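Spelled out from the first residue to the last, the chains are:
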Amino acid sequence: MFTWQELLDLKIGWDGESDTPPPTILSIEIAKQIVCDGEKFNLFPEEIDADVIGGVAITYSNNGKTIWISCLNKGYNGYIIYEEGKKIIESKKYAKDSWSKILEKLGNKSSLP
């Protein structure tokens with residue numbers, strides 16, 4: 001798991017490939033906001049990592065579901081929700097201001113897809 005500062009300090013090629021882009025300040029700021037939104041639902045990330053296509057990836061697990069959120073460098077965001085056993089049950093692109101609704105689904109057993 002990376003710290004916010006470690007994400008900021010990454011350079012091109014951080015994963016051993018010559019052209020892997022580091023996260024941008026925009027993707028890090030969006031990821032920070034998502035983490036703050038999750039805390040409102042008593043959700044804390046299991047992982048915060050750099051995404052190899054450029055950006056930040058956040059993983060949460062709760063109620064037998066896992067959500068993987070991708071905050072890409074240009075501000076595009078997406079998520080995938082898995083059931084135990086890695087069956088994809090929902091996958092979408094969402095605007096930054098919709099994350100609280102998605103995280104609320106994960107935090108509230110009755111509203112899970």
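Look a little higher up for the structure.
Described in the following lines is the structure provided in the data block. This is a predicted model, so every value here is computed, not measured.

Let us look at the overall build of the protein chain. Helix and strand counts for the protein chain come out as 3 helices and 5 strands. Summarising the internal contacts of the protein chain: among those between residues at least 6 apart in sequence, 42% fall at separations of at least 24.

To continue, consider the pairing of strand β1 (residues 47–50). In this sheet, strand β2 (residues 55–62) lies alongside β1 in antiparallel orientation, the contact comprising 4 bridges. Within the sheet, the bridge partner assigned to Ile48 lies in β2 and is Ile58. Between β1 and the antiparallel strand that follows it, β2, lie 4 residues; Gly54 among them carries a positive phi value of about 105°.

With that out of the way, let us pick up the pattern of salt bridges. Inspection of the entire model under this criterion finds 3 salt bridges. Lys65 serves as the salt-bridge partner of Glu83, at 4.0 Å between the closest nitrogen and oxygen. Of this pair, Glu83 sits in strand β4 (residues 77–83) while Lys65 sits in strand β3 (residues 65–72), and the two are 18 residues apart along the sequence. Of the residues examined, Glu83 reaches a relative accessible area of 31% and is grouped as partly exposed.

What counts and what doesn't
Residues numbered from 1 in each chain as written. Predicted model: local features only at pLDDT ≥ 70, side-chain atom pairs only at ≥ 80, totals over all residues. Heavy atoms only, no water. Helix = DSSP H or I, 4+ residues; strand = E, 2+ residues; numbered from the N terminus. Contact = heavy atoms within 4.5 Å. Pairing = 2+ DSSP bridges. Salt bridge = Lys/Arg side-chain N within 4 Å of Asp/Glu carboxyl O. Buried < 20%, exposed > 50% of the residue type's maximum accessible area, 1.4 Å probe, protein only.

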